[in-house]
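# Descriptive structure summary
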Amino acid sequence: MIRIPDVLKLSLRQRFFRFLAKAPVVLHLDVWFPQIPMAVAVGLLGVLAILDALPHLIQLFPELTDLAPSTSLTQVPLLSALGTVPEVVAGFVLLLMAFGLLFRSRFAWAITLVLAAAMLAILWHHYGDVWSGVIIFNAVILVSLLLFRRHFARSSLAAGTLFAAISILLLMSYAVLGSYVLGAGFSPPIKNLVSALYFAVVTMSTVGYGDIVPKSEDARLFVISIIILGITVFATSISAVVVPLVNGRMQHLLMGEKKRAHRNHYLIIGDNALAQNTYRALRARHLPALVLVPVTPEHVWMAKEDLMIGDATELDVLRKAGAECALGVLALRVVDSENAFIVLAAKELAIPGKTVAAVQDGKNLERLRQIGVDLIISPEVLGGELLALTLSGEELVGDTIISKLFTAKAEGAEA
């Protein structure tokens, strides 16, 4: 059994952070989290809202046949039954927004946040101080939306257009129905749905011909509401459609390409076979790695997001590469002196992770030990040792191979 040297072992804290860095890749969280759980939860909340209000909504339909224009909302006989309509509408809209959340839509997130808060108020009004499961579920969704707000930042043209059309349709329905219900409060009175539609379009478009004028107090308040809502919905809808067309391009021009933060990763410095194989081995084990090279390689062998250009001997470059948050800094260049300077720079930053240096010339082993390298890997020395062991007929033991491959500073202390 091959025994791993103590110097190769990570501390409990470093193991924990390595697990956190590895978990998203292993579980493929970037593919389904948090949009799918949030979409399912929001859709379920919408279904629960519809089912809660459905019995009251059924009682509403027989009374619609007796609906006639009036001057005040207090004269509308089905006003008490209308109290369940907002809950039903919110439920259907939440079902629609659930699909938007699947695509990480920022517009869907904003609408869902407002509706979730409104639903919480409605349910609280219905159930009072009784902490029902639906109220708690709604509160959890509201908190989750706030916690995961950064995950919903996409501006989709198709989603924005769809949601804008639905918002305008809902606003138009509200304006037409309200104009008809309060038809007697206008001069001349609105007595049919065609006149109600005409008045709604003229008012929301701010044309205002003046041929139909609100006279009663309720009618005037209603007109104020559709003017404010109309301006808000149309402005939001235009931004939802136009902004995605220019947002990506403008952000790229003004802010440049956004770089992801590197934490709890392995910083590989070098562009050679050893660096390439180390990178591939780490990625095969779902461990995050960043390759730092002075110039762009002729043949890019790493993922684009895992490549950084800069001089590894400069402290500012190491800071940008996240060396202060890395689990290990691996100086794997072909020139021993360059690796030594890189390790010295890393030690100056007092990095918490391990420092590893590659050595090509066996004469430099002791010098690298003296500067405090945690691990020294010497493939050339190892090849010579293994060849000598084979030719002399000595047994190749796993512990011997490991000790020859990784020459730790502890070994130098013993010598």
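- Per an unreviewed UniProt entry, the protein chain goes by Voltage-gated potassium channel protein and derives from Acidithiobacillus ferriphilus.
- Quoted verbatim from the Subcellular location (unreviewed entry) heading of the UniProt record, the comment on the protein chain is "Cell membrane".

## Concerning the overall build of the protein chain
- The helix and strand inventory of the protein chain stands at 17 helices and nine strands.
- Across the protein chain, contacts joining residues at least 24 apart in sequence account for 66% of those joining residues at least 6 apart.

## Observations regarding the nonpolar core
- Judged by nonpolar contacts, the single largest core of 25 residues is most densely connected at Leu267, Ile269, Leu292, Leu318, Ala323, Val329 and Leu368.
- Broken down by secondary-structure element, the contributors of at least two residues to this core are strand E3 (266–269), strand E4 (289–293), helix H12 (315–320), strand E6 (328–331), helix H13 (336–348) and helix H14 (365–370).
- Here the element with the most residues in this core is H13; it accounts for five residues.
- If we skip the residues at most four places from it in the chain, Val329 touches Leu267, Ile269, Ala323, Ala346, Ile351, Lys354, Thr355 and Val356.
- Judged by nonpolar contacts, the second largest core, of 23 residues, contains Met38, Ala108, Ala116 and Phe152.

## Comments concerning the pattern of salt bridges
- A full pass over the atoms with the stated rule returns seven salt bridges.
- Taking the shortest distance from any N to any O, the salt bridge between Asp316 and Arg319 comes out at 3.1 Å. Taken together, the residues span about one helical turn, with Asp316 and Arg319 both in helix H12 at a distance of three residues.
- Judged by relative accessible area, Arg319 falls into the partly exposed class, the value being 40%.
- Counted as one network, the salt bridges with shared partners bring together Asp316, Arg319 and Glu324.

## Focus: helix H7 (residues 133–147)
- Between its first and last C-alpha, H7 extends 21 Å over 15 residues, near the 21 Å set by a 1.5 Å rise per residue.
- Listed in full, the buried residues belonging to H7 are Ile135, Asn138, Ile141, Leu142, Ser144 and Leu145.

## Topic: the UniProt feature "transmembrane region" (unreviewed entry) in the protein chain
- Per the UniProt annotation, the sites labelled "transmembrane region" (unreviewed entry) are residues 38–58, 78–100, 107–124, 130–148, 160–181, 193–209 and 221–246.
- Taken end to end, residues 107–124 is 100% helix and 0% strand, and its two terminal C-alpha atoms sit 26 Å from one another.
- In residues 193–209, helix accounts for 71% and strand for 0%; the two terminal C-alpha atoms are 18 Å from one another.

## Considering the pairing of strand E7 (residues 354–358)
- Most of E7 is tucked away, with four of its five residues classed as buried.
- Where E6 lies against E7, four bridges are found, and the strand directions are parallel. Along E7, the bridge assignment pairs Val329 with Thr355.
- For the crossover that starts at E6, traverses H13 and ends in the parallel E7, the hand is right-handed.
- Where E7 and strand E8 (residues 375–377) come together, three bridges link them in parallel fashion. Across the sheet, the residue bridging to Ala357 is Ile376, located in E8.
- Chirality of the crossover, the property in question, places the unit of E7, H14 and E8 among those that are right-handed.

The rules behind each value
Position numbers for residues start from 1 in each chain and track the written sequence from start to end. With the structure being a predicted model, the display of local features is reserved for residues of pLDDT at least 70 and the display and counting of side-chain atom pairs for 80 or more, all residues being used for whole-chain, interface and lining totals. As a convention, hydrogens and water are excluded, and side-chain values are obtained from all of the structure's heavy atoms. UniProt positions are given in the numbering used here, feature names are shortened, and annotations may be inferred rather than shown by experiment. Each helix is a run of H or I in the DSSP string that is no shorter than four residues. Each strand is a run of E no shorter than two, and both are numbered from the N terminus. Note on contacts: a residue pair qualifies if any of its non-hydrogen atoms lie within 4.5 Å across the two residues. Put simply, a nonpolar core is a bunch of buried Ala, Val, Leu, Ile, Met, Phe, Trp, Tyr and Cys residues held in one set by side-chain atoms that sit within 4.5 Å of each other. Under the scheme applied here, a residue whose accessible area is under 20% of the maximum for its type counts as buried, over 50% as exposed, and between as partly exposed, the area being computed with a 1.4 Å probe on protein chains only. One side-chain nitrogen of Lys or Arg within 4 Å of one carboxyl oxygen of Asp or Glu is enough to make a salt bridge. Expected span, for any helix, means 1.5 Å times one less than how many residues it has. By the convention used here, strands pair only if DSSP detects at least 2 bridges between them. Crossover handedness is defined by viewing with both strands directed away from the observer: a clockwise path from the first strand over the helix to the second marks the crossover as right-handed.

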